Amino acid sequence: AGIINFCANNYLGLSSHPEVIRAAVEALEKFGAGLSSVRFICGTQSIHKDLEEKIARFHQREDAILYASCFDANAGIFEALLTPEDAVLSDELNHASIIDGIRLCKANKYRYKHMDMQDLEAKLKEAQKHRLRLVATDGAFSMDGDIAPLREICQLAQKYNALVFIDECHATGFLGPNGRGTDELLGVMDKVTIINSTLGKALGGAAGGYTTGPKPLIDLLRQRSRPYLFSNSLPPAVVGCASKALDLLMESNAIAQSMAAKTQRFRSKMTAAGFTISGKDHPICPVMLGDARLASVMAEDMLNRGIYVIGFSYPVVPKGKARIRVQISAVHSDEDIDHCVEAFTEVGRKHGALP
């Protein structure tokens, strides 16, 4: 009681939204607890097809395919799509699931420096000898709260005849005018070929992931993507809450738009207090401290002041880059945010992180 959570991926507050909870209960009662099956045997119900159609409509893509998680979606796409004749070019700070998915495929692998467009172009020139080129990047990077330069990436992809893949787990639902993600925010929805994202963060907070893009790609994944073929289908309650979350977003962009002002309030007040906040204009707000022990003890003291945050240190982040990653949610009030900043200021002074 009295603890405010500032470290959840519940960006829009929908995991506790009464309509989302009600939709999950109704799906549980109507369709059961689970299907005890993978999709291609007896694990497909009308709600699974309806949700896939809704995801594709939300992202303005042709089709979509559900997975047990976005980790599975990332593990299942590269091996199915790319051959030894192809190449994949990956940002060095991409999420672990992208890295693991790329490891599983037999394509030629190139890693470019984080958001470095000169290095990406050099790698694209080098990769011209391959049949197909796929640029893979997080839309928003979860540890640093920075946003990929998608306009420039898409320009380079067009110049060197490459496809663009983005992981939107930390963008779907709240970035862009209607919450459709990084590609909407930066005006390149027609330039990004493939989107992978999650249902377990902004879209209800339960579980599940998906790939959305051209219908021939989705058809290929249904036949060849191993995590899809050999994992149980999503439980009806999960499908129900995610479907309702999408309904709420497509009915109104008010929730998505509420994030920008709250994010700016926290970032500007923390910066004014003397803290270094990584990233830009994203509700992931890493408070950079450098020292692992400092991040840990400050997080403990924050909890004593009613603020729940977690310290991150090596190996989750590079050595010397320890931080407390704060995540702003639509359900945080201005008073909550101000209380968090005040607690950080007190704790920072106590432990020497501030003068």
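Since this is a predicted model, take the numbers as computed values, not measurements. (Residues numbered from 1 in each chain as written. Predicted model: local features only at pLDDT ≥ 70, side-chain atom pairs only at ≥ 80, totals over all residues. Heavy atoms only, no water.)

1. Quick notes on the packing of helix α11 (residues 254–273) against helix α13 (residues 334–350)
Their axes nearest at 10 Å, the elements α11 and α13 cross at an angle of 20°. The angle between the axes of α11 and α13 places the two elements in the roughly parallel class. Like other packed secondary-structure pairs, α11 and α13 cross with a definite hand, here right-handed. Listed contacts from α13 to Lys262, Arg265, Phe266, Lys269, Met270 and Ala273 of α11 are Asp334, Ile337, Asp338, Cys340, Val341, Phe344 and Thr345. The residue makeup of the contact of α11 with α13, split by class, is seven nonpolar, one polar and five charged. (Axes fitted to C-alpha atoms, helices over the stretch in contact; angles between N-to-C directions. Helix = DSSP H or I, 4+ residues; strand = E, 2+ residues; numbered from the N terminus. Parallel < 35°, antiparallel > 145°, perpendicular 65-115°, else oblique. Left-handed = near helix turned anticlockwise from the far one by under 90°. Contact = heavy atoms within 4.5 Å. Nonpolar A, V, L, I, M, F, W, Y, C, P; charged D, E, K, R; others polar.)

2. A word on the UniProt feature "domain: Aminotransferase class I/classII large" (unreviewed entry) in the chain
The feature "domain: Aminotransferase class I/classII large" (unreviewed entry), as given by UniProt, occupies residues 3–344 in the numbering adopted here. In residues 3–344, the share of helix is 43% and the share of strand is 17%. The end C-alpha atoms are 15 Å apart. (UniProt positions renumbered as here; feature names shortened; annotations may be inferred.)

3. Some remarks on the packing of aromatic side chains
Following the criterion strictly, the structure yields four aromatic pairs and no others. Directly above the aromatic system of Tyr314 lies the positively charged group of Lys319, at a separation of 4.9 Å from the ring centroid. (Phe/Tyr/Trp six-rings, centres within 6.5 Å; stacked < 30°, edge-to-face > 60°. Lys NZ or Arg CZ within 6 Å of the ring centre and 35° of its normal.)

4. Concerning the pairing of strand β13 (residues 322–327)
Burial runs high along β13: six of the six residues are buried. In β13, alternate side chains face the same way, and those of Ala322, Ile324 and Val326 on one face and Arg323, Arg325 and Gln327 on the other are all buried. With six bridges joining them, strand β10 (residues 284–290) and β13 adopt antiparallel strand pairing. Across the sheet, the residue bridging to Met288 is Arg323, located in β13. Both strand β12 (residues 311–312) and β13 contribute to a ladder of two bridges, which runs antiparallel. Pairing of Gly311 across the sheet is with Ile324, part of β13. (Buried < 20%, exposed > 50% of the residue type's maximum accessible area, 1.4 Å probe, protein only. Pairing = 2+ DSSP bridges.)

5. Regarding empty space enclosed by the protein
For the coordinates displayed, the defined rule picks out two cavities of 30 Å³ or more. One number sums up the size of the largest cavity: a volume of about 80 Å³. For the largest cavity, the full set of lining residues is Arg39, His48, Leu66, Tyr67, Ala68, Pro227, Tyr228, Ser231, Asn232, Ser233 and Leu234. Among the elements of the structure, β2 (63–67) and α9 (226–229) are those that each provide at least two residues to the lining of the largest cavity. Roughly 30 Å³ of volume is contained in the second largest cavity. Together, His95, Asp138, Ala140, Ser142, Asp167, Cys169 and His170 line the second largest cavity. (1 Å grid on protein atoms, 1.4 Å probe; cavity = no way out; pocket = protein on both sides within 12 Å on 5 of 7 lines; lining within 4 Å. Points joined across faces, edges and corners; volume = space filled by probe spheres on them.)

6. Structural notes on the domain arrangement of the chain
Taken domain by domain, the chain holds domain 1 (17–251) and domain 2 (253–351). Here the C-alpha centroids of domain 1 and domain 2 sit 28 Å apart. Taken together, the two surfaces of domain 1 and domain 2 that pack against each other cover about 1,300 Å², and 59% of this comes from carbon and sulfur. Considering only the surface of domain 1 that becomes buried against domain 2, Met143, Asp144 and Phe174 emerge as the three largest contributors, covering 41% of it. The interface formed by domain 1 and domain 2 includes one salt bridge. Across the salt bridge formed by Arg323 and Asp144, the nearest N and O atoms sit 2.9 Å from each other. Summed over the shared surface of domain 1 and domain 2, the number is eight residue pairs in polar contact (both at pLDDT 80 or more). (Domains from an automatic or database assignment. Buried area = accessible area lost by both parts, 1.4 Å probe. Salt bridge = Lys/Arg side-chain N within 4 Å of Asp/Glu carboxyl O. Polar contact = N/O pair within 3.5 Å; in protein donor to acceptor, adjacent residues only side chain to side chain.)

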